[in-house]
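One-letter residues, chain by chain:
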Amino acid sequence: MVTRTEALVPIIIAATIVGLVGLFTLPGDVKLQSAEFSIGTIKIDDVVLQVQIADTAAKRTGGLMFQKQLPFDEGMIFVFEEPGSYGLWMRNMQFPLDMIWFDADGRVVSIIEGALPCITVEEIISCDTYHPDGMATYILEVTSGFVEKYNITEDSILTLISI
C-alpha cells in the first residue's frame, strides 16, 4: 500500500520543477516583451520585406517572442558579426515560423519550414533548437508558409537594402 508521503513526493517534485521554470523564465520574458527593434528593408529574390532587426545578444535572445502575428511582407532578421552555426528556438512564440539562414554573401545555408511554437511548460522544457546545415551570418524568421508561397529555395539570394 502506498503511504501518503510516497504519493505526495512526485507531486512536490513536479510543483518544484514548474515553479523553477517559472522563476527562471518570467523575469527575462517580461523584459524581452518590451524590446524595441529597428526596422529595415531586405529582399529575397524579388520579394521585398520590412524586417525587425535583432543585432544585439539581448534582441537575438528575445526575437519574436510574445508577438501575436507577422504579415507575409514582414519578418525579423538576426544579424551576427561573425559566421557561425547559430540556433533558434520557438520558446514563447505565438505562431509557427519559417527560418532561413544566409551566409555573408546572402546565399541560403539552410531552411526550416513550419517550426511550431513552444508555449506550455511541457513544450518549453523540451523545446527544440533549430540549427543550420552550415555557417550563417544572417537568419530570417518569417510567418510559416512564406517559403512555400514565394518559392524560396537553396538558390534564393538575400539582398540587404537597409539594415
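Residue indices begin from 1 for each chain and proceed along its sequence in written order. Only residues with pLDDT of at least 70 are given local features in this predicted model, and only at 80 or more are side-chain atom pairs given and counted; all residues enter the totals for whole chains, interfaces and linings. Only hydrogens and water are set aside; all other atoms, that is, all heavy atoms of the structure, feed into the side-chain values.

> Could you clarify how one ought to interpret the overall build of the protein chain in this entry?
Numbering of helices and strands runs from the N terminus; a helix is a DSSP stretch of H or I covering at least four residues, while a strand is a stretch of E covering at least two. The secondary structure content of the protein chain amounts to four helices and nine strands. For the protein chain, the sequential pattern of α-helices and β-strands runs α-β-β-α-β-β-β-β-α-β-β-α-β. Relative accessibility decides the category of a residue: with a 1.4 Å probe and only protein chains considered, values under 20% of the type maximum give buried, values over 50% give exposed, and everything between is partly exposed. Of all 163 residues assigned to the protein chain, the portion counted as buried reaches 40%. Residues count as neighbours in contact if any of their non-hydrogen atoms are within 4.5 Å of one another. Sequence-distant contacts, at least 24 apart, represent 71% of the contacts inside the protein chain between residues at least 6 apart.

> Where do I start with the sheet that holds strand S8 (residues 136-143) in this structure?
Within a sheet, each strand pairs with its neighbour through backbone hydrogen bonds, oriented either parallel or antiparallel. If you trace the seven strands from one edge of the open sheet to the other, you get S6-S5-S8-S3-S2-S1-S9, paired in mixed fashion. Bordering the open sheet on either side are strand S6 (108-115) and strand S9 (158-162), each of which pairs with just one other strand. Recorded for the sheet is a direction-independent mean angle of 30° between the axes of neighbouring strands. Pairing between two strands requires that DSSP report at least two bridges joining them. In this structure, strand S5 (residues 97-102) lies alongside S8, joined through six bridges in antiparallel fashion. In this analysis an axis means a line fitted to C-alpha atoms, helices contributing only their contacting stretch, and an angle means the value between N-to-C directions, from 0 to 180 degrees.

> Is there a simple way to think about unusual backbone geometry in this case?
Leaving glycine out, the prevailing phi sign among residues is negative, and the prevailing peptide bond configuration is trans. Of note in this structure, Asn92 is not a glycine but carries a positive phi near 60°. Tracing the sequence through the fold places Asn92 in the loop between strand S4 (88-89) and S5. Given a relative accessible area of 8%, Asn92 falls into the buried group. A positive phi is found at Asn151, a non-glycine position, where the angle reads about 55°. Structurally, the position occupied by Asn151 is in the loop between helix H4 (146-149) and S9.

> Honestly, the confidence of the model for the protein chain in this entry has me stumped. Any pointers?
As a general rule, the predicted coordinates of low-pLDDT regions are not to be interpreted in detail. What pLDDT conveys is the predictor's confidence in a given residue, as a value from 0 to 100. Overall, the prediction assigns the protein chain a mean pLDDT of 84, with 79% of residues at 70 or greater. Summarising per-element confidence for the protein chain, the mean pLDDT is lowest in helix H1 (residues 4-33) (54) and highest in H4 (98). Across residues 25-34 the pLDDT falls below 50, and counting only partners more than four positions away or on other chains, this stretch makes 10 contacts in the model.

> Even after reading the chapter, I still don't get the pairing of S5, so can you show me in this structure?
Consecutive side chains of a regular strand alternate in pointing toward one face of the sheet and then the other. Judged by how many residues are buried, S5 sits mostly within the fold: six of six residues are covered. By the alternation rule, side chains of S5 split into Leu97, Met99 and Trp101 and Asp98, Ile100 and Phe102, which are all buried. Bridge count for S5 against S6 is five bridges, and the pairing is antiparallel. Residue pairing for S6: Ile100 is matched across the bridge by Ile111.

> Which parts of the structure should I look at to understand the pattern of salt bridges?
Where charged atoms from two side chains of opposite charge approach closely, those side chains can pair. By definition here, a salt bridge exists when the distance from a side-chain nitrogen of Lys or Arg to a carboxyl oxygen of Asp or Glu is within 4 Å. Summed over the entire model, instances satisfying the criterion amount to two salt bridges. Note that Arg107 is salt-bridged to Asp105, the shortest N-O span being 3.4 Å. Classification of Arg107 as partly exposed rests on a relative accessible area of 43%. Through salt bridges with shared partners, a single ionic network connects Asp103, Asp105 and Arg107.

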